[in-house]
Amino acid sequence: MIDKNNIQDFENRFTSRTIKFSSVNAFPSIQVSNDFAQAEILLYGSHVLSFIPKGSRDVLWLSSKSKMTPGKAIRGGIPICWPWFGPLATPAHGIARILEWKLEDIYSEKDGSDTLMLSLDCSDSNGLRVQSKINVGAALSFSLSTENVGHEDYSLTSALHAYFSVSEIEKVQVKGLDKEPYFDKVANASGFNKGELCFHAETDAVFDQTQASVIIQDRDWKRSIRLEKSGSKSTVIWNPWIEKSKSMDDFPDQGYRNMICVEAANVGADARVLQPGEKHTLFARIVEE
Ligand code: TA6
């Protein structure tokens, strides 16, 4: 489990009006509540569970049936897929989301937002170190910086696998991917997107030539969520729909109706080969408009 002294150490060293330490099940968590938003981040997986802009509702979706047990991925929030995406190796989506991260620092910025920095040292196994920098303000900003401290090239694939909360999936459009090629993992075929994305069936689309920001437009809740990114030429869009929702024991049967995954990524042709000593940062900024 997480080294509680690490938390205790911070509780002793760190007093703040806007940051408190708590726990979710047995997972130590950091609760941020400032003038802009509230958020909860677990040290487990450096996992953002929620981001609630002041006066609004949670931007992120978290399954009511999510496991909260060591070694299991959490269903919802922003799981980190790293240092591989999907079934490239075991476990699917890599190890970062099911490992204990070290809390490196927490501080309040001059603008009143709050920043957390966490790290994971896997140099003994794959030669990689990774650091997350999470800023909670009017927007949620997330940097995932990987350094190859080993002696071999490493082909890194990763994603900030964000689950966004929506009123009703068939009332949602995703904009920003017009005229973009993608691979349809459901049809196992390439496609070319025209206009906005709408959702009326299982969707698992990998756009691997786009640096564009994406907007999730929710007609019922009258809100738009913008996802901006850098260090990424791939964006993954996922909704499991009916049958796949039923097949996952950590996913409510009707859960697909109230979520959409839009993931800033480095996947497919956008994999990043890190030579020894090289670094890469995948960055996403999420803001409700
Ligand atoms: O990002 C889409 C995806 O790769 C889907 O293919 C599906 O597997 C989803 O991730 C969830 O994966 P998980 O391992 O978290 O159940």
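Residues numbered from 1 in each chain as written. Predicted model: local features only at pLDDT ≥ 70, side-chain atom pairs only at ≥ 80, totals over all residues. Heavy atoms only, no water.

**Q** An account of the sheet that holds strand β13 (residues 172–175) is requested, with residue identities and associated values reported.
**A** Taken together, the eight strands give an open sheet; going across it, the order is β6-β7-β8-β9-β22-β18-β17-β13, and neighbouring strands pair in antiparallel fashion. The two strands at the open ends of the sheet, each matched to only one other strand, are β6 (102–108) and β13. Adjacent strand axes in the sheet meet at a mean angle of 15° when their direction is disregarded. Alignment of strand β7 (residues 114–122) against strand β8 (residues 128–136), held across nine bridges, turns out to be antiparallel. Within β8, the residue paired with C122 across the bridge is L128. (Pairing = 2+ DSSP bridges. Helix = DSSP H or I, 4+ residues; strand = E, 2+ residues; numbered from the N terminus. Axes fitted to C-alpha atoms, helices over the stretch in contact; angles between N-to-C directions.)

**Q** Describe the sheet that holds strand β1 (residues 19–24), with residues and values.
**A** Spatially, four strands are ordered β1-β2-β3-β4 in an open sheet, and the strand pairing comes out antiparallel. The sheet is open, and its two borders are formed by β1 and β4 (47–53), each paired with just one other strand. Sheet twist, expressed as the mean angle between neighbouring strand axes with direction ignored, is 20°. Alignment of strand β3 (residues 37–42) against β4, held across six bridges, turns out to be antiparallel. Residue A39 lies in a different strand from β4, and its bridge partner there is F51.

**Q** Lay out the side chain of S29 in plain terms, naming residues and giving numbers.
**A** Its location among the elements puts S29 in strand β2 (residues 27–33). Given a relative accessible area of 0%, S29 falls into the buried group. Among the polar contacts made by the side chain of S29, one reaches the side chain of E40 at a distance of 2.8 Å. (Buried < 20%, exposed > 50% of the residue type's maximum accessible area, 1.4 Å probe, protein only. Polar contact = N/O pair within 3.5 Å; in protein donor to acceptor, adjacent residues only side chain to side chain.)

**Q** Could you give an account of the pattern of salt bridges, with specific residues and numbers?
**A** Under the defined criterion, the tally for this structure stands at 13 salt bridges. Notably, a salt bridge pairs E243 with K246, separated by 4.0 Å at the nearest N-O pair. Within this pair, E243 and its partner K246 are both found in helix α2 (residues 241–247), separated by three residues, close to a single helical turn. On the basis of relative accessibility, which here comes to 57%, the residue E243 falls in the exposed class. Look at K246 and you get partly exposed, because its relative accessible area is 45%. Note that R272 and D270 form a salt bridge whose closest N and O atoms lie 2.8 Å from each other. (Salt bridge = Lys/Arg side-chain N within 4 Å of Asp/Glu carboxyl O.)

**Q** Can you tell me about the confidence of the model for the chain, naming the residues and giving the values?
**A** Of all residues in the chain, 98% have pLDDT values of 70 or greater, and the mean over the chain is 95. Here helix α1 (residues 4–13) is the element of the chain with the lowest mean pLDDT, 68, and strand β12 (residues 163–165) is the one with the highest, 99. (pLDDT = per-residue confidence, 0-100.)

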